Structure formats: structure tokens, C-alpha cells
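Structural characterization, general
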Amino acid sequence: IFGRCRGFLAVGSQNRAYYRSHGVAAGKIFDMPYAVDNDYFGARATSEAAAQVRARHGISAARKIVLYAGKLTARKHADHLVQAWRQADWKEHSRPVLLFVGDGELRAQLERDSEDDMIFAGFRNQSEMPGYYAAADLFVLMAEREPWGLAVNEAMACGTGVVASNDVGAAHDLVDDSTGLRLPTGDIAGLTRALPHLLDRSDALGQAARLRIARWDFGADVEGLKSALTAIL
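Please read these numbers as outputs of a predicted model, since none were measured by experiment.

Calculation notes
- Residues numbered from 1 in each chain as written.
- Predicted model: local features only at pLDDT ≥ 70, side-chain atom pairs only at ≥ 80, totals over all residues.
- Heavy atoms only, no water.
- Helix = DSSP H or I, 4+ residues; strand = E, 2+ residues; numbered from the N terminus.
- Rg over C-alpha atoms; globule rule 2.2 N^0.38 Å.
- Buried < 20%, exposed > 50% of the residue type's maximum accessible area, 1.4 Å probe, protein only.
- Contact = heavy atoms within 4.5 Å.
- Areas by Shrake-Rupley, 256 points an atom, 1.4 Å probe, with all protein chains shown as cover.
- Lys, Arg positive; Asp, Glu negative; His and termini not counted.
- Charge placed at Lys NZ, Arg CZ, Asp CG, Glu CD.
- Salt bridge = Lys/Arg side-chain N within 4 Å of Asp/Glu carboxyl O.

**So, the overall build of the protein**
When helices and strands are tallied, the protein shows eleven helices and eight strands. Computed over its C-alpha atoms, the radius of gyration of the protein comes to 19 Å, within 12% of the 17 Å expected for a compact globule of 233 residues. Structurally, the protein occupies a C-alpha span of about 60 × 35 × 30 Å along its principal axes. Across the 233 residues of the protein, 48% fall into the buried class. Counted over contacts in the protein with a minimum sequence separation of 6, partners at least 24 positions apart contribute 62%. With the model as given, the accessible surface of the protein reaches about 11,300 Å², and the carbon-plus-sulfur share is 51%. The protein carries 27 positive and 29 negative side-chain charges, and their two centres are separated by 5 Å.

Below you can see the structure in the form of C-alpha cells.
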């Protein structure tokens, strides 16, 4: 199939590397970032929307929130976040609320083993998600085999810093020390150490995240597609 193609659209650096590993020439690959509607999410991630989320779940304005948003399935490893949250040294911090948005096969087990400061919001329509991202101080996705992870884009568009595993495709292009943290898949110890320090820097991480994702948008997609068409036509 690749031998019959004159142009390739890479959604990110790992996708580009995949094409290269199969012998595709660099000159045939054009960047077309895997993007969400940044304007949609950013415009709705208001302080009022965040306050509504906090009020809905009884979370005070002073409490920090660590957010998980996605299906509660085994490969997404919400349980790794729970373990790190429980083991983290919160001596100099108020332990943050752990807020889960989503449903799935592991929800019942997570709820059975839950404790104070763990909240399960269930499935939420996408129109509600900007408020949840805006309310959160940090978004965590320690999934394995996650080809991209558009929730990373959504969180960053709402001004929220991100922690993601190396198995999350988006992390290789969007997550670094300025916007959050990228960790090896399954590195619960690393996440445990990092959580308190990242929450201390959550405002700066969120600002940097919003700036980074601004360049990863539909406009960049249009330019990448135009470049590809110009080259092959």
C-alpha cells in the first residue's frame, strides 16, 4: 500500500517515525497534526464553567483537582493514578481531589475501593468537558497503547497541564517539562513523586499548555494538507 502512495500525512512525530521505519522517504511525509477545535474548548473553559463543576461535586474553590477523563478500562490505567495519589507525600500540601470523568468496566471496582476525596462524575457529554478541564489543576493519562489521546489536546486547550505516559502518542509532541510531564508507562513511583511538585506549578503549566496547543490546530492541518497536495499534483 505504501508503495502506491505519493504522499503521507503524519498526525505527529511518532506517526512520522512509523512511516520512516517502513521506508517512506522524508520528502513524502507532510505534517497534519491530530487536532481538536481549540477555539471551542478554550472559549468554554471559563471560570464560571469551572465554578459550576466544583459546585456540582461539592469541591471548594481552594481545593486542587487532579482529573482523569476517559474510558475506565484496563489499558487506560486509572488505577495507576489512584496508587500514586494515595502514596504521594502530601505533608506540605492539602491532598487534592481525584476526579474521574467517564465510565467503563473498571468503574465499579474503583468505586468499591474509593475513599474520601475521590469523585466519580460518570459519563459527561463533550459540551460539559471544558468546564471539567477548566476546574482541574492537572490532567493525568497514564495509558498504554494509546495511539494519540485527544483528551490531552482538549485539556491543554482549556489551560490545564498534563501528565502522560510514553505510550500516549500526543505526549511526544505536546507534553514536556514546561507543559507537564511525560513518564514511562507504568511508572507509578515517578508519578507519586511528581504529583505534589506539579500541582505547585499548575498555573504555569496550564499557561504553557495553552500556548503550546495553540500551534497544534486546524490551521496547521490545512497548511499541511495544502503542502501535500502541492507536492503530489
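Once the structure has been displayed, the description carries forward.
**Remarks on the pattern of salt bridges**
Enumeration over the complete set of coordinates arrives at 15 salt bridges. Residue D137 is joined to R54 by a salt bridge in which the shortest nitrogen-to-oxygen separation is 3.8 Å. In this pair, D137 is assigned in the loop between α6 (129-135) and β6 (138-141) and R54 in helix α3 (residues 47-56), connecting sequence segments 83 residues apart. The residues D137 and R54 share a single accessibility class, namely buried. Note that E115 is salt-bridged to R95, the shortest N-O span being 3.1 Å. With a gap of 20 residues between them, E115 in the loop between α5 (107-112) and β5 (118-122) and R95 in the loop between α4 (78-87) and β4 (97-101) connect regions that are remote in the sequence. Using a relative accessible area of 33% as the deciding quantity, one classes E115 as partly exposed.

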